Amino acid sequence: MSDIKVKNFDFQRELEKVAAGIRKPNILICGATGAGKSSVVNWVFGKNVATTGTGRPLTRGITEYSSKDISVNLFDTEGYEIGEEKISAYRDNVEKWIGERREGALAGQIHEAWYCISAANKRVTDMDLSVVQTLQEKNIPTAVVLTQLDCVDYDEYQELLRAVSEGCGAPCFATSAHADRAVQEALAPYVQWDALVDWAEAVLDDSLKEGFIGSLAGYVQKKQALVTKKIIPIYTTAAAGVAATPIPFSDAVLLEPIQVSMAMHILRTYGLDKISEDLISFVGSLVVTQAGRMLAQSLTAGVLKMIPGVGTAAGIAVNTVVASTFTAAIGAGLSQSCANYSKAVFEGSKPQSYSEFFDSAILSGFVESWLKEHKNGKDT
Ligand SMILES: Nc1nc2c(ncn2[C@@H]2O[C@H](COP(=O)(O)OP(=O)(O)O)[C@@H](O)[C@H]2O)c(=O)[nH]1
Ligand SMILES: [Mg+2]
């Protein structure tokens, strides 16, 4: 396997290519100043969006947050104080702006809207409802996010829910971005962050779901499911295609770039591409080395025994089953490492070093157990 060299890869560039291929949903964030819009965005997508994403003021008090680090575009509408009459101007403004975008390119259209209403105000105004209705009339899937739930008691909360449901029928999700852990624990039965995120994903076209899920802070299980069901299959198919093509090159040369793209795609989905450039090249190198080792083993029948449909006496060349199976196994192994690392990060345990999670022995272990589990199945 002398033709596999880590230094042949520019991992950062591979990552950028992968990221550029991910379609970004456009999410409109509405509500009065102080309603808690920024806090909602920070909670769901992580603090880096509103602060590091370059806020680009568009016309009339609408700020676009987009950055190459994140695969959603957020449109934050600022512009009226709670209870102020200016809200009608705000509504007309947003309505006009959406109308203009509609006439533009498909990629620029608003795909969904989150209308934030602060529970702390203890009322839902007719104007709030009217903005929501305007969005609904434009066929923009719209949810009401009832923010600052920690500021009301149970009866007030029920009253607000009733006002929203009678007033506009939009799905309504109660949230609190209160920083105190004890407050969050007390509110846990009522807070609906997960339901909001599920709704926000469900209303998107399939082609936009990946960008959304990959931009979430946390939600490791959602990410794991996406990687398993949508991302790894792209690369197993590509690997099988390469193995099926009679090209006079070593299979390794052709398969390696597929493993590298897959690895970068998985890192991106977990949001770990933002941890450090070091991690990117560390994981890239690990995967190149691991894939090289597996290919060598498969050529000497080491792993062939473990792969369904391939007898120990199979031919010497890497066939399509071998190529796609070991791609799937490495993908699954890396996904597991990423999930464990992400959980540690989001649970606040501050991992000492990423080599606790990404290391060739750990990856080999995951790969082997994946192969064992899938030995009798065909769902590779
Ligand atoms: N108690 C409480 N305060 C909140 C919550 N969410 C936001 N805030 C506070 O409300 C204020 C306005 O929030 P912000 O997210 O900036 O609102 P925006 O103007 O709509 O973007 C800030 O001082 C926040 O700290 C919450 O869930 N509970
Ligand atoms: Mg704000």
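Definitions and cut-offs
- Residues numbered from 1 in each chain as written.
- Chains lettered and ligands numbered in written order.
- Predicted model: local features only at pLDDT ≥ 70, side-chain atom pairs only at ≥ 80, totals over all residues.
- Heavy atoms only, no water.
- Patch = residues over 30% accessible without salt bridge, like charges linked within 9 Å, V, L, I, M, F, W, Y side chains within 5 Å.
- Areas by Shrake-Rupley, 256 points an atom, 1.4 Å probe, with all protein chains shown as cover.
- Salt bridge = Lys/Arg side-chain N within 4 Å of Asp/Glu carboxyl O.
- Lys, Arg positive; Asp, Glu negative; His and termini not counted.
- Charge placed at Lys NZ, Arg CZ, Asp CG, Glu CD.
- Helix = DSSP H or I, 4+ residues; strand = E, 2+ residues; numbered from the N terminus.
- Buried < 20%, exposed > 50% of the residue type's maximum accessible area, 1.4 Å probe, protein only.
- 1 Å grid on protein atoms, 1.4 Å probe; cavity = no way out; pocket = protein on both sides within 12 Å on 5 of 7 lines; lining within 4 Å.
- Points joined across faces, edges and corners; volume = space filled by probe spheres on them.
- Nonpolar A, V, L, I, M, F, W, Y, C, P; charged D, E, K, R; others polar.
- Domains from an automatic or database assignment.
- Phe/Tyr/Trp six-rings, centres within 6.5 Å; stacked < 30°, edge-to-face > 60°.
- Core = buried A, V, L, I, M, F, W, Y, C linked by side-chain atoms within 4.5 Å.
- Expected span 1.5 Å × (residues − 1).
- Arc of directions from axis to C-beta.
- Polar contact = N/O pair within 3.5 Å; in protein donor to acceptor, adjacent residues only side chain to side chain.
- Near = heavy atom within 4 Å.

In this section: a negative patch on the surface. On the surface, a cluster of negative charge is contributed by Asp10, Glu16, Glu277 and Asp278. Relative to the assigned elements, Asp10 resides in the segment before helix H1 (11-20). You can call Asp10 partly exposed: its relative accessible area is 41%.

Here we take up the layout of surface pockets. When its volume is computed, the largest pocket comes out at roughly 950 Å³. Along its surface, the largest pocket is lined by 24 residues, and Trp43, Arg181, Gln184, Ala217 and Phe346 are the ones closest to its centre. If you list the elements that add at least two residues to the lining of the largest pocket, you get helix H2 (37-45), helix H7 (181-187), helix H8 (193-202) and helix H13 (320-346). Partitioned by chemical class, the residues of the lining of the largest pocket number nine nonpolar, eight polar and seven charged. Two domains each donate at least three residues to the lining of the largest pocket, and these are domain 1 (6-19 + 218-373) and domain 2 (26-203).

Let us look at the packing of aromatic side chains. Per the counting criterion, the structure on display carries 12 aromatic pairs. Their ring planes at 15° and their centres at 6.0 Å tell us that Phe9 and Phe11 sit as a pair that is stacked. Judged by relative accessible area, Phe9 falls into the buried class, the value being 17%. Look at Phe45 and Trp114: their rings are 5.9 Å apart centre to centre, the planes differ by 20°, and that puts the pair in the stacked class. A residue pair is termed long-range when its members are at least 10 positions apart, and Phe45 in helix H2 and Trp114 in strand S5 (residues 112-118) qualify at 69 residues. For the pair formed by Phe45 and Trp114, the shared burial category is buried. In this structure an aromatic cluster arises from ring pairing among Phe45, Trp114 and Phe212.

Counting residues in hydrophobic clusters, the biggest one holds 112 residues, and the most contacted among them are Leu28, Phe45, Trp114, Phe212 and Phe358. Residues from two domains meet in this core; each of domain 1 (6-19 + 218-373) and domain 2 (26-203) gives at least three.

The subject of this paragraph is helix H14 (residues 360-373). With 14 residues, H14 should reach 20 Å at 1.5 Å per residue; the first-to-last C-alpha distance of 20 Å fits that figure. Within the sequence span of H14, burial applies to Leu363, Ser364, Val367, Trp370 and Leu371. Along the axis of H14, the buried residues cluster in a sector spanning 130°; they form a single face. In H14, the exposed positions angled more than 90 degrees off the buried face are occupied by Ala361, Lys372 and Glu373. Here H14 starts with a cap whose side-chain oxygen sits 2.8 Å from the backbone nitrogen of Ala361, and that cap is Asp359.

Attention now goes to the site of ligand 1. Around ligand 1 sit 14 residues in total, of which Gly34, Lys37, Ser39, Asp150 and Ala177 are the nearest. One of the side-chain nitrogen or oxygen atoms of Ser39 is found 2.6 Å away from an oxygen atom of ligand 1. Protein burial of ligand 1: of its 580 Å² of free accessible surface, 65% is covered by the chains. For the shell around ligand 1, a count of residues per class yields four nonpolar, eight polar and two charged.

A separate point is the pattern of salt bridges. Going through the model one piece at a time under the given rule, you end up with 12 salt bridges. The salt bridge involving Asp69 is made with Lys68; its shortest N-O contact spans 3.9 Å.

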